[in-house]
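Remarks on the overall topology
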Amino acid sequence: MPQQQYANSLVLKTPGTSVKASPSDVRRNNRSLIFGLLFPDSQYSRAELGRKTGLSRVAVSDVVSDMLDEGLIYENGYETKARGKGKRGTLLGVDPTRLRVITVDLSQNHLIEGAVTDLLGTPLQRNELALSATDHVDEHTICELIKKLMVGMENVIGISVAATGVVQDGIIRQSTVFGWHDFDLKTPIENRFGLPVIVANDVVCSMLAERFFGSAGPNMLFVKLDRGIGAATLINDTAIIGENHASGEIGHISMDPDGPKCPCGKRGCLEMLVSAPLLRQQMYGAPAEKQVKILQEAGQRVASALAMPIGLLDMDDICIYGPADIINTAFLSSAQDQLDRTTTSMFRKHATIRRCECGPNATMRGAAITMVRDFVDR
Ligand SMILES: [Zn+2]
């Protein structure tokens, strides 16, 4: 099966879906396989796609022709050198010019940001809504922002919302930021705009951006440290969701039973010990050496918390996404030292902790990728 053969390629699998052998499933698999090889910026001829996937010429042509019609891919020049005796093949690539995705990022401090992106998640047009601490945010607030982005927009394949907290099938189970509990955000947006809607966890979105536009491979532990702390895990290009859709919710794991009281009811949760607002508060007005020490201790604490999952999963690539004043050299080198002390051994090589390189758009780009993948798999 080509799917098995390409387990390590860019085809991200959707956990929980069984592979049935109906013709439409086979076709969907082939489509996903070919799009996955081209995404985000590879170019191959039909013949090369056939070689790489093991699919027949007819099967490749069939899928390619549909994707060309839909505007998912385009013909973009010719191979520089012909392989074998045939004529030079036409190169195919992901088409950034026709289809659009609407993305909304609900993970930022005092700000809801929306954008129209292309299929590569590049923001083409933006709109944002600044929030004060007392502003009430609900589905109407978000629909208004989307409405502004939709003006004059054609060929929109769907709306993708990145939200913090536990998200399951479009329902936000728990989001402390907006005080939502079992809040269905998907249905009202779907009803209002008549387009497919995805609500995804913001950390998973940022991780996907790092996978495709940063330097990560198919396996990584991704940590987002900002107003809280959350993680996401990619194993063999599958984002781990968990039994309760709460994989990566490490912020409320108690690290110190005698630590400060947390709104969740426990004491000494990781988030109560390490978060950007807390660290900034501690550093405020402190001498420079003290500030460095605070960040070194934070780095050490995060690395200690990650040591066990790193050992458990045998992960080498640890990527941290967060504001530059917190995730700096002092934080990272102290975290690296702690990881080396706790995880490296004669039979286990050094795991590397590094900063995410995808910049401030990572969450929105990842949300767009989530929608594109869903569209391809439909
Ligand atoms: Zn807690």
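Since the structure is predicted, the reported quantities are computational estimates derived from the model, not experimental observations. Numbering of residues begins from 1 in every chain and follows the order in which that chain's sequence is written. Predicted model: local features are reported for residues with pLDDT of at least 70 only, side-chain atom pairs are reported and counted for 80 or more only, and whole-chain, interface and lining totals are derived from all residues. Excluding hydrogens and water, the side-chain figures rest on all heavy atoms present in the structure.

**Observations regarding the state of the cysteines**
Disulfide assignment relies on a single distance test, namely cysteine sulfur atoms paired within 2.5 Å. For the structure shown, the criterion picks out zero disulfides. Free of any disulfide, cysteine 319 has its nearest neighbouring cysteine sulfur in cysteine 356, separated by 4.5 Å.

**Regarding the domain arrangement of the protein chain**
Many authors give the size of an interface as the accessible area that is lost as the parts come together. Domains are outlined according to an automatic or database domain assignment. What the domain assignment reports for the protein chain is domain 1 (2–94), domain 2 (100–205 + 362–377) and domain 3 (215–355). Relative placement of domain 2 and domain 3: their C-alpha centres are 26 Å apart. Whether two residues touch is decided by their heavy atoms; if any such pair falls within 4.5 Å, the residues are in contact. At the interface, 16 residues of domain 2 touch 13 residues of domain 3. Buried area between domain 2 and domain 3, both sides added, is near 1100 Å², and the carbon and sulfur share of it is 51%. A quick way to say it: buried area is the sum, across both parts, of accessible area lost when two parts are put together, with a 1.4 Å probe. Interface area lost by domain 2 to domain 3 is led by Asn109, Val166 and Val203, which between them contribute 43%. The rule for a salt bridge is simple: a side-chain nitrogen of Lys or Arg has to be within 4 Å of a carboxyl oxygen of Asp or Glu. Where domain 2 meets domain 3, there are one salt bridge. As a salt-bridge pair, lysine 224 and aspartate 202 come within 2.8 Å of each other at their nearest N and O atoms. Side-chain atoms alone can form a polar contact between residues adjacent in sequence; in general such a contact is a pair of N or O atoms within 3.5 Å, and within protein one must be able to donate a hydrogen while the other accepts it. Inspection of the region where domain 2 meets domain 3 yields four residue pairs in polar contact (both at pLDDT 80 or more). For the side of domain 2 that touches domain 3, a count of residues per class yields seven nonpolar, eight polar and one charged. Only Asp, Glu, Lys and Arg are considered charged, only Ala, Val, Leu, Ile, Met, Phe, Trp, Tyr, Cys and Pro nonpolar, and every remaining residue, Gly among them, polar.

**Overview of the coordination of the zinc ion**
In the first shell of the zinc ion, the protein supplies His252 (ND1), Cys262 (SG), Cys264 (SG) and Cys269 (SG), at 2.1 to 2.3 Å from the metal. Each of the four donor atoms around the zinc ion contributes to a set of angles spanning 98 to 121°, which defines the coordination as tetrahedral. Water is not part of the atom set, so a site may look incomplete; the donors themselves are N, O and S atoms within 2.8 Å of the metal, or 3.2 Å for Na, K and Ca. Counting along the primary sequence, the residues that act as donors to the zinc ion give the motif H-x9-C-x1-C-x4-C. Here the metal geometry follows the donor angles, with tetrahedral for four donors whose angles all fall between 85 and 135 degrees, square planar for four and octahedral for six when opposite donors are more than 155 degrees apart and every other angle is between 65 and 115, and irregular for all the rest.

**Observations regarding the pattern of salt bridges**
For the coordinates displayed, the defined rule picks out 19 salt bridges. When the shortest N-O distance is used, the salt bridge between glutamate 113 and arginine 126 registers 2.8 Å. In this pair, glutamate 113 is assigned in strand 4 (residues 111–117) and arginine 126 in strand 5 (residues 123–130), connecting sequence segments 13 residues apart. Of the residues examined, glutamate 113 reaches a relative accessible area of 12% and is grouped as buried. Across the pair arginine 192 and glutamate 144 runs a salt bridge whose closest N-O atoms are separated by 3.2 Å. On the criterion of sequence distance, the pair formed by arginine 192 in helix 6 (residues 186–193) and glutamate 144 in helix 5 (residues 139–150) is long-range, its members being 48 residues apart. Residues joined by salt bridges that share partners form a network here, namely Glu210, Asp317, Arg354 and Glu357. Helix and strand definitions here come from DSSP, where helices need a minimum of 4 consecutive H or I residues and strands a minimum of 2 consecutive E residues; each element is numbered from the N-terminal end. For each residue, the accessible area found with a 1.4 Å probe, counting protein chains only, is set against the maximum for its type, and the residue is called buried under 20%, exposed over 50%, and partly exposed in between.

**Thoughts on the nonpolar core**
Grouped together as the largest cluster of nonpolar side chains are 35 residues, with contacts concentrated most on Ile34, Phe35, Leu38, Leu49, Leu72, Ile73 and Ile157. Mapped onto this core, the elements with two or more residues apiece are helix 2 (23–38), helix 4 (57–70), strand 2 (90–94), strand 6 (156–163), strand 10 (197–201), helix 7 (202–213) and helix 12 (362–377). Counting residues per element, this core draws most heavily on helix 12, at seven residues. With sequence-adjacent residues up to four places away left out, isoleucine 34 is seen in contact with Leu49, Thr53, Leu55, Val60, Val63 and Met67. Residues Ala298, Ala303, Ile320 and Phe331 belong to the second largest nonpolar core, which totals 30 residues. Here, nonpolar core means buried Ala, Val, Leu, Ile, Met, Phe, Trp, Tyr and Cys residues that are tied together by side-chain atoms lying within 4.5 Å of each other.

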